[in-house]
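Structure assessment
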Amino acid sequence: MKIVEITPSTLRGTVNIPPSKSMSHRSIFCAALSGGISNIKNVLLSEDIKATCEAMESLGAKIKYKAVDEKKEIYNLRIQGAGRMKLKNDKIDCGESGSTIRFIIPLLALLDETVTVTGRGRLISRPLDAYYDIFDQKKVYYTNKYGELPLTIKGSLSSGEYSMDGDVSSQFITGLLFALPLLKGDSKLVITTELESKPYVDMTIEMLNRFGIDIINKDYREFIIKGSQEYTSADYSVEGDFSQAAFWLTAGILGGEIYSNDLKFSSLQGDKVIVDIIKKMGGNIEKLILGYKTSRSDTNGTTVDASQCPDLVPIVSVLAALSSGMTEVVNAKRLRIKESDRLDAITQVLSTLGADIAQYTDGLVIKGRGKLKGGEVDSFNDHRIAMAAAVASIKCEEKVVIRNAQSVNKSYPKFWEDFVSLGGVINELELGE
Ligand SMILES: O=C(O)C1=C[C@@H](OP(=O)(O)O)[C@@H](O)[C@H](O)C1
Ligand SMILES: C=C(OP(=O)(O)O)C(=O)O
């Protein structure tokens, strides 16, 4: 376990935002399913992306890694796709990556071979029921003890009508959109309730289009998927990650001046909305050529609807805890089934640091104050909680100690290095398990 002790300081300087995790997963999946060679450039080999690469190698893709910036773990990937998948390994470990497991399961259910998927940490119990319902309807055999991983599947999905609730996780919809075009016949995916995390579905469809797959989106209520489609190879360079940028943009508002570079303004990433949230709260944020500059500002509380940008909640809660007035985070039920129960984790962490915060079933209420106290907190093994606590330290009077600080490896292995490069003062301690 890594423990990071932070002595509060103002952060300032320039940070190159790491490549998007969501776009990396999607491009690697698509490249691996094509019959040719794709070059996927600017990939951060975080734990989750490594899980996706290994999973797709298990389906027959061959991946060559060329370091672009070894220190930052950024690589260009040359992916020889497997076309129609060829199962090389019947045990697939998705690590702690929800995206990897939810994107791959429908593909495995096309194979008609016995294959087991597993994972670690909270992934073991993160819900997959949306797929089990489909498997029951479509007569795909599966077995899982107590509803948890490992999950063994043997079956063959058939084309036709599929239906799914829109408020559990868009990752199930993405998973089906990857697999259904490969069936012989046409399919229709009906979303039975208002779809949450819509931008993630837009990102999926954009990536599928790049790789030659066509999906008709009927107002997020129905997706029409023609059968017998083929993935074609493509080259793609991964854009910067707005979910990660949110930490540094907020750090700039709380402290000195921070330049967050390598962001694509026309990105489909829903977490781009962090820019609007900061503006709405009264933060100084300026669009420059390469990204944004944020600088110390007095901000005010607001209402944040988390339904389309769940991953922003931990860091937006930090900003809210240090803004005047009340902030309400609404429509955030899904946060309870992420790497941690994020509504509970952020409430515990921020309360320990001295914030005034309360949780309810699907949201948070935060009463802001000028400063926090500091203290010792756990990341709950959740990367976004660790990173949010680190940014909160900027406005703490005393030291902040973060246990399980290695959880950042899931999406941003060089987070602590970037924190220090911006002037963060940390002491790291490695303890045995
Ligand atoms: O498809 C994706 O890349 C993701 C979808 C979101 O999940 P939900 O759809 O479950 O909200 C998000 O929280 C996750 O970090 C990444
Ligand atoms: C929830 C996340 O990822 P995943 O669902 O892919 O584990 C995340 O990155 O915050």
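The name given to the protein in an unreviewed UniProt entry is 3-phosphoshikimate 1-carboxyvinyltransferase, with the source organism recorded as Alkalibacter saccharofermentans DSM 14828. According to the UniProt record, the Catalytic activity (unreviewed entry) comment for the protein reads "3-phosphoshikimate + phosphoenolpyruvate = 5-O-(1-carboxyvinyl)-3-phosphoshikimate + phosphate".

A separate point is the overall build of the protein. For the protein, the helix and strand inventory stands at 12 helices and 24 strands. In terms of C-alpha radius of gyration, the protein reaches 21 Å, essentially the compact-globule figure of 22 Å for 433 residues. Here the C-alpha coordinates of the protein stretch approximately 60 × 45 × 45 Å along the principal axes. A total accessible area of about 16300 Å² is found for the protein, and carbon and sulfur atoms account for 47% of it. Charged side chains of the protein number 53 positive and 56 negative; the gap between the two group centres comes to 3 Å.

Quick look at the side chain of serine 379 now. Take serine 379: it is sitting in the loop between strand S22 (375-378) and helix H11 (383-392). Only 3.0 Å separates the side chain of serine 379 from the backbone nitrogen of asparagine 381, close enough to count as a polar contact. Looking at serine 379, its side chain comes within polar contact range of the side chain of serine 407, at 3.2 Å. For serine 379, the residues in contact, after removing those within four places along its chain, are Ile385, Ala386, Ile402, Arg403, Asn404 and Ser407.

Attention shifts here to the environment of threonine 10. Among the structural elements, threonine 10 can be located in the loop between strand S1 (2-7) and strand S2 (13-16). In this structure the C-alpha to C-alpha distance between threonine 10 and proline 127, which are 117 residues apart in sequence, comes to 40 Å. Threonine 10 has contacts with Gly255, Gly256, Ile394, Leu422 and Gly423, leaving out every residue within four places of it along the chain.

We now examine the site of ligand 1. In the vicinity of ligand 1 there are 13 residues, among which Arg26, Ser169, Ser170, Asp311 and Lys338 approach most closely. Contact between ligand 1 and serine 197: an oxygen atom at 2.9 Å from a side-chain N or O atom of the residue. Contact with the protein chains removes 95% of the 380 Å² of surface that ligand 1 exposes when unbound. Of all the elements in the fold, those that place two or more residues in the shell around ligand 1 are helix H1 (21-33), helix H3 (98-108) and helix H5 (170-179). Considering only residue class, the shell around ligand 1 consists of 3 nonpolar, 6 polar and 4 charged.

In this section: the site of ligand 2. Lining the immediate surroundings of ligand 2 are 14 residues, of which Lys21, Ser99, Arg126, Arg384 and Lys410 lie closest. In the model, an oxygen atom of ligand 2 is placed 2.8 Å from a nitrogen or oxygen of the glycine 98 main chain. For the shell around ligand 2, the secondary structure elements donating two or more residues are H3 and H11. For the shell around ligand 2, the per-class residue count stands at no nonpolar, 5 polar and 9 charged. Here the shell around ligand 2 spans two domains, since at least three of its residues come from each of domain 1 (2-18 + 241-430) and domain 2 (21-225).

Two elements in contact, helix H7 (residues 242-254) and helix H9 (residues 313-321), have axes separated by 10 Å at closest approach and are oriented at 10°. Taken together, H7 and H9 sit at an angle that is classed as roughly parallel. Where H7 abuts H9, its residues Ala246, Phe247, Thr250, Ile253 and Leu254 lie against Ile315, Val318 and Leu319. Taken together, the residues of the contact of H7 with H9 break down into 7 nonpolar, 1 polar and no charged.

Consecutive side chains of a regular strand alternate in pointing toward one face of the sheet and then the other. Two strands pair when backbone bridges link them, and S22 and strand S23 (residues 400-403) are joined in this way by 4 bridges, in the parallel orientation. Its bridge partner being in S23, glycine 375 is matched across the sheet by valine 400. Note that the unit made of S22, H11 and S23 has a crossover that is right-handed.

All right, on to the sheet that holds strand S5 (residues 74-80) then. Read across the sheet, 4 strands follow the order S4-S5-S3-S14 without closing on themselves; strand pairing throughout is mixed. Bordering the open sheet on either side are strand S4 (62-69) and strand S14 (236-237), each of which pairs with just one other strand. With 7 bridges joining them, S4 and S5 adopt antiparallel strand pairing. Among the inter-strand pairings, lysine 62 is bridged to a residue of S5, identified as glutamine 80. Strands in contact with H1 are strand S3 (37-44), S5 and S14; relative to S3, the strand with the most contacts, it is inclined by about 160°.

What follows is about the nonpolar core. Formed by 76 residues in total, the largest nonpolar core has its most connected members in Met56, Ile104, Phe135, Leu177, Leu189 and Phe223. The element that contributes the greatest number of residues to this core is H1, accounting for 7 residues. Leu263, Leu319, Ile357 and Trp416 belong to the second-largest nonpolar core, a separate cluster that totals 69 residues.

Criteria and cut-off values
Residues numbered from 1 in each chain as written. Chains lettered and ligands numbered in written order. Predicted model: local features only at pLDDT ≥ 70, side-chain atom pairs only at ≥ 80, totals over all residues. Heavy atoms only, no water. UniProt positions renumbered as here; feature names shortened; annotations may be inferred. Helix = DSSP H or I, 4+ residues; strand = E, 2+ residues; numbered from the N terminus. Rg over C-alpha atoms; globule rule 2.2 N^0.38 Å. Areas by Shrake-Rupley, 256 points an atom, 1.4 Å probe, with all protein chains shown as cover. Lys, Arg positive; Asp, Glu negative; His and termini not counted. Charge placed at Lys NZ, Arg CZ, Asp CG, Glu CD. Polar contact = N/O pair within 3.5 Å; in protein donor to acceptor, adjacent residues only side chain to side chain. Contact = heavy atoms within 4.5 Å. Near = heavy atom within 4 Å. Nonpolar A, V, L, I, M, F, W, Y, C, P; charged D, E, K, R; others polar. Domains from an automatic or database assignment. Axes fitted to C-alpha atoms, helices over the stretch in contact; angles between N-to-C directions. Parallel < 35°, antiparallel > 145°, perpendicular 65-115°, else oblique. Pairing = 2+ DSSP bridges. Right-handed = clockwise from strand over helix to strand, strands pointing away. Core = buried A, V, L, I, M, F, W, Y, C linked by side-chain atoms within 4.5 Å. Buried < 20%, exposed > 50% of the residue type's maximum accessible area, 1.4 Å probe, protein only.

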